[in-house]
Amino acid sequence: MTLEVLCGGCGKVLYSGYDLRSPKEVVRASGGKCTGCGKPIIPSDFTLEVLKAEETV
Ligand SMILES: [Zn+2]
């Protein structure tokens, strides 16, 4: 399983990996704002996508 956390504003992938992380953890890791558009990250704005590894070729 791969977890991707995307910015709700610009769609940039803020976190991608195999470890499940909460939005709050990702916010903390990225300094509280999107590294793509610089917009402050609000955890409720996150789009979470969990992809099965078998489906990502
Ligand atoms: Zn962004």
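Quick word on the overall build of the protein
Now for step 1: Of the regular secondary structure elements, the protein holds one helix and three strands.
Now for step 2: In the protein, the succession of α and β elements from N to C terminus is β-β-α-β.
Now for step 3: Taking all 57 residues of the protein together, 26% fall into the buried category.
Now for step 4: Partitioning the contacts of the protein with sequence separation of at least 6, the portion at a separation of at least 24 is 41%.
Now for step 5: In the structure as shown, the protein presents an accessible area of about 3,900 Å², 53% of it carried by carbon and sulfur atoms.

Considering the nonpolar core
Now for step 1: Counting residues in each nonpolar core, the largest one holds nine residues, listed as Leu3, Val5, Cys7, Leu14, Tyr15, Val26, Val27, Cys34 and Ile41.
Now for step 2: Elements supplying a minimum of two residues to this core: β1 (2–6), β2 (13–17) and α1 (23–29).

Comments concerning the environment of Val13
Now for step 1: Structurally, Val13 is set in strand β2.
Now for step 2: Judged by relative accessible area, which is 38%, Val13 ranks as partly exposed.
Now for step 3: Sequence-wise, Val13 and Cys34 are 21 residues apart; in three dimensions their C-alpha atoms are separated by 9.2 Å.

A closer look at the environment of Ile41
Now for step 1: With respect to the helices and strands, Ile41 occurs in the loop between α1 and β3 (47–51).
Now for step 2: Accessibility expressed as a relative area gives 12% for Ile41, which makes it buried.
Now for step 3: Expressed as a C-alpha distance, the spacing of Ile41 and Gly9, which sit 32 residues apart in the sequence, is 8.8 Å.

Concerning the environment of Arg21
Now for step 1: As for its placement among the helices and strands, Arg21 is situated in the loop between β2 and α1.
Now for step 2: Owing to a relative accessible area of 34%, Arg21 belongs among the partly exposed residues under this scheme.
Now for step 3: The spatial distance from the C-alpha of Arg21 to the C-alpha of Leu3 is 8.0 Å, given a sequence separation of 18 residues.
Now for step 4: Those residues within four positions of Arg21 in sequence are excluded, and the remaining contacts are Leu3, Tyr15, Val26 and Ala29.

Calculation rules
Residues numbered from 1 in each chain as written. Predicted model: local features only at pLDDT ≥ 70, side-chain atom pairs only at ≥ 80, totals over all residues. Heavy atoms only, no water. Helix = DSSP H or I, 4+ residues; strand = E, 2+ residues; numbered from the N terminus. Buried < 20%, exposed > 50% of the residue type's maximum accessible area, 1.4 Å probe, protein only. Contact = heavy atoms within 4.5 Å. Areas by Shrake-Rupley, 256 points an atom, 1.4 Å probe, with all protein chains shown as cover. Core = buried A, V, L, I, M, F, W, Y, C linked by side-chain atoms within 4.5 Å.

As far as function goes, none of this settles anything; it's purely spatial.
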